[in-house]
Amino acid sequence: MTTDIADLARAVEAAAVMGLFAARPRLLALGEPAHGVQAPLRLRNELFRQLVEEEGYRTIAVESDCVKGLLVDDFVSTGAGTLDQVMEHGFSHGWGTYAANRELVCWMRAFNERRPAAEQVRFCGFDGPLEITGAASPRHVLTALHGFLAAHVDPGLLPCTAATLDRLLGADDRWTDPAAMRDPSRSVGRSAEAGELRLLTDDLVGLLDTQTPHLAAAASREGRERACLYGRTAAGLLRYHSQMADTSPSRLARLVGLRDGMMAENLLAAVERGPVLVHAHNSHLQRDRSSMRMDGRPLEWWSAGAIVSSRLGADYGFLATAFGTLRHQGVGAPAPDTVEGVLYALPGDRHLIDSARLVAALGDTRPAPRVSSYFGYAPVDPAHLGRVEGLVFLKDVPEE
């Protein structure tokens, strides 16, 4: 069996990746099984450069705040701001501190210099303005959407004034109270004001849609795209805050599902611009139902990848990444009867494996699920192999 598997191993390069598909996917997803290490980020950077130069990809989407990501996109597109400012304020979840992300931003800025806008690479955060401790206030995106419409349409068409939004929003710390994540009674998501804001957001987004012909002539494409981002983010945040106030047993499952729903909306918008490479945790990109335990309860939900795949069909491609070892987190060499164990026996440090051919080579041998002692590392589920185009395998992942 080892000889057959060895014959499947390819270098992790754009040409080999494209060979897994009948046609170039509009959205190519590259997952990672654990956050917090540089190696998969650097591999992502290498692959994105090759996809840009050889396959015409022009956008990278990362698991970071979609609104903050506009600062990064402005910097790589126009040089607005400074690199340090962008790394500090343009990423969520602490991603701005990672050297590999800084290297990505520097390369993108250098690539774009002296290139016309149509040939430039673009940056996209596709996560909502959400953290483990809670969600952002909808103030910024709601007022930005209202401001865009106020500048471009008949004032009489607006459903409310900016002052009305300000009054209903109130103090931002009401929305961002970290205690609300654990205690639904601390959330303002189902207050009378929040309910009115949801209706007004729906009216503002509806106005944005119905004024499309006028806005196509009166505003830039960039401005229209950002207004749409503000609209879907405002609606998503208000849904999320409403669910934070829920007291039912399904509360947490709905919250994680809503997050991935926001991710999916952002990815579907990004592919309208052209081919996209998206990088995130495997659980956000897989086609199969995602699962985890939180507060001792099993949660299941449909990931962004599952939602987008159902919409895009063959235009969605997924490469899952697996690690052999993550020794600084206590993850040693995998058992030989696991997927990771089979791949760990191959010579070399990293490989691209055609999943369909791997399943065929394994035949009646069904790998056992790997059990990780580190909660932050999610092994490959052997049952998912048939729903993944390729496996990227990193043999030994160092601490950096």
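Residues numbered from 1 in each chain as written. Predicted model: local features only at pLDDT ≥ 70, side-chain atom pairs only at ≥ 80, totals over all residues. Heavy atoms only, no water.

**Here's the deal with the overall build of the chain**
- If you tally the helices and strands in the chain, you get 17 helices and 11 strands.
- What you see for the chain is a C-alpha radius of gyration of 22 Å, in line with the 21 Å of a compact globule of 400 residues.
- In the chain, which comprises 400 residues, the share counted as buried stands at 53%.
- Of the contacts formed within the chain by residues at least 6 apart in sequence, a portion of 78% connects residues at least 24 apart.
- When the accessible surface of the chain is totalled, it reaches about 17300 Å², and 52% of it is carbon and sulfur. (Helix = DSSP H or I, 4+ residues; strand = E, 2+ residues; numbered from the N terminus. Rg over C-alpha atoms; globule rule 2.2 N^0.38 Å. Buried < 20%, exposed > 50% of the residue type's maximum accessible area, 1.4 Å probe, protein only. Contact = heavy atoms within 4.5 Å. Areas by Shrake-Rupley, 256 points an atom, 1.4 Å probe, with all protein chains shown as cover.)

**Some thoughts on unusual backbone geometry**
- Although it is not a glycine, His93 sits at a positive phi angle of roughly 60°.
- With respect to the element layout, His93 can be found in the loop between helix H5 (83–89) and helix H6 (99–112).
- On the basis of relative accessible area, His93 is assigned to the partly exposed category, the value being 29%.
- Of note in the backbone geometry, Arg114 takes a positive phi value of approximately 70° without being a glycine.

**Side note on the packing of helix H3 (residues 39–55) against H6**
- At their nearest, the axes of H3 and H6 sit 9 Å apart, and the two run at 20° to each other. Accordingly, the angle class assigned to the pair H3 and H6 is roughly parallel. Every pair of crossing elements has a handedness; the one defined by H3 and H6 is right-handed. Where H3 approaches H6, its residues Leu41, Arg42, Arg44, Asn45, Phe48, Arg49, Val52 and Glu53 are matched on the opposing element by Ala99, Ala100, Asn101, Glu103, Leu104, Trp107, Met108 and Phe111.
- Class assignment of the residues belonging to the contact of H3 with H6 gives a composition of 9 nonpolar, 2 polar and 5 charged. (Axes fitted to C-alpha atoms, helices over the stretch in contact; angles between N-to-C directions. Parallel < 35°, antiparallel > 145°, perpendicular 65-115°, else oblique. Left-handed = near helix turned anticlockwise from the far one by under 90°. Nonpolar A, V, L, I, M, F, W, Y, C, P; charged D, E, K, R; others polar.)

**Observations concerning the nonpolar core**
- Leu28, Phe48, Met108 and Phe123 are the most contacted members of the largest nonpolar core, which has 48 residues in total.
- Among the elements that line this core, the one with the most residues is H3, at 7 residues.
- Judged by nonpolar contacts, the second largest core, of 41 residues, contains Ala135, Leu145, Leu168 and Leu252. (Core = buried A, V, L, I, M, F, W, Y, C linked by side-chain atoms within 4.5 Å.)

**What to know about the packing of aromatic side chains**
- Here the structure, examined in full by the defined rule, presents 6 aromatic pairs.
- Between the aromatic rings of Phe48 and Trp107, the centroid separation amounts to 6.0 Å while the plane-to-plane angle is 75°, which identifies the pairing as edge-to-face. Residue Phe48 is found in helix H3, and its partner Trp107 is found in helix H6; the two are separated by 59 residues along the sequence.
- Aromatic ring contacts, followed pair by pair, group Phe48, Trp107 and Phe111 into a single cluster. (Phe/Tyr/Trp six-rings, centres within 6.5 Å; stacked < 30°, edge-to-face > 60°.)

**Quick word on the sheet that holds strand S3 (residues 122–127)**
- The sheet built from 7 strands is open, its strands ordered S3-S2-S6-S1-S9-S11-S10 with mixed pairing. Only two strands of the sheet have a single neighbouring strand rather than two, namely S3 and strand S10 (350–354). The mean inter-strand angle of the sheet, taken between neighbouring strand axes irrespective of direction, is 25°.
- As defined by bridge partners, strand S1 (residues 27–32) adjoins strand S6 (residues 276–281) across 6 bridges and the pair is classed as parallel. Following the sheet pairing, Leu28 is matched in S6 by Leu277. (Pairing = 2+ DSSP bridges.)

**Notes on helix H7 (residues 139–152)**
- Helix length check: H7, at 14 residues, gives a terminal C-alpha distance of 20 Å against a target of 20 Å (1.5 Å per residue), a fit within 8%.
- When H7 is considered as a whole, its buried residues turn out to be Arg139, Val141, Leu142, Ala144, Leu145, His146, Phe148 and Leu149.
- Residues of H7 that are buried make contact with helix H8 (162–169), helix H9 (172–176), helix H10 (192–210), helix H11 (212–218) and helix H12 (221–244). (Expected span 1.5 Å × (residues − 1).)

**Remarks on the environment of Ser242**
- Along the chain, the position of Ser242 falls in helix H12.
- Separated by 105 residues in sequence, Ser242 and Pro347 have C-alpha atoms that sit 52 Å apart.

**So, the pairing of S10**
- Burial of S10 is extensive: 4 of the 5 residues sit out of reach of the surface.
- Here S10 pairs with strand S11 (residues 390–396) via 5 bridges, running antiparallel. Across the sheet, Ile353 pairs through a bridge with Leu391, a residue of S11.

**Some words on the environment of Asp246**
- As for its placement among the helices and strands, Asp246 is situated in the loop between H12 and helix H13 (251–270).
- For the pair formed by Asp246 and Ser185, sequence separation is 61 residues and the distance between their alpha carbons is 8.4 Å.
- Residues contacting Asp246, with those up to four places away along its chain left out, are Pro184, Arg190, Arg251 and Arg254.

**Side note on the pairing of strand S9 (residues 316–325)**
- In terms of burial, S9 is largely enclosed, as 10 of its 10 residues are buried.
- Here 4 bridges tie S1 to S9, and the two strands are oriented parallel to one another. Counterpart to Leu27 in the pairing with S9 is Tyr316.
- With 6 bridges joining them, S9 and S11 adopt parallel strand pairing. Following the sheet pairing, Ala320 is matched in S11 by Leu391.

**A look at the pattern of salt bridges**
- Applying the stated criterion across every chain, the model contains 24 salt bridges.
- Measuring nitrogen to oxygen at the nearest pair gives 3.9 Å for the salt bridge that ties Arg226 to Asp73. Of this pair, Arg226 sits in helix H12 while Asp73 sits in helix H4 (residues 69–78), placing them 153 residues apart in sequence. In this structure, Arg226 and Asp73 share a single accessibility class: buried.
- A salt bridge links Arg109 to Glu113; the nearest nitrogen and oxygen atoms lie 4.0 Å apart.
- Judged by its relative accessible area of 37%, Glu113 falls in the partly exposed class.
- Put simply, Asp73, Asp74, Arg122, Glu222 and Arg226 are held in one network by salt bridges that share partners. (Salt bridge = Lys/Arg side-chain N within 4 Å of Asp/Glu carboxyl O.)

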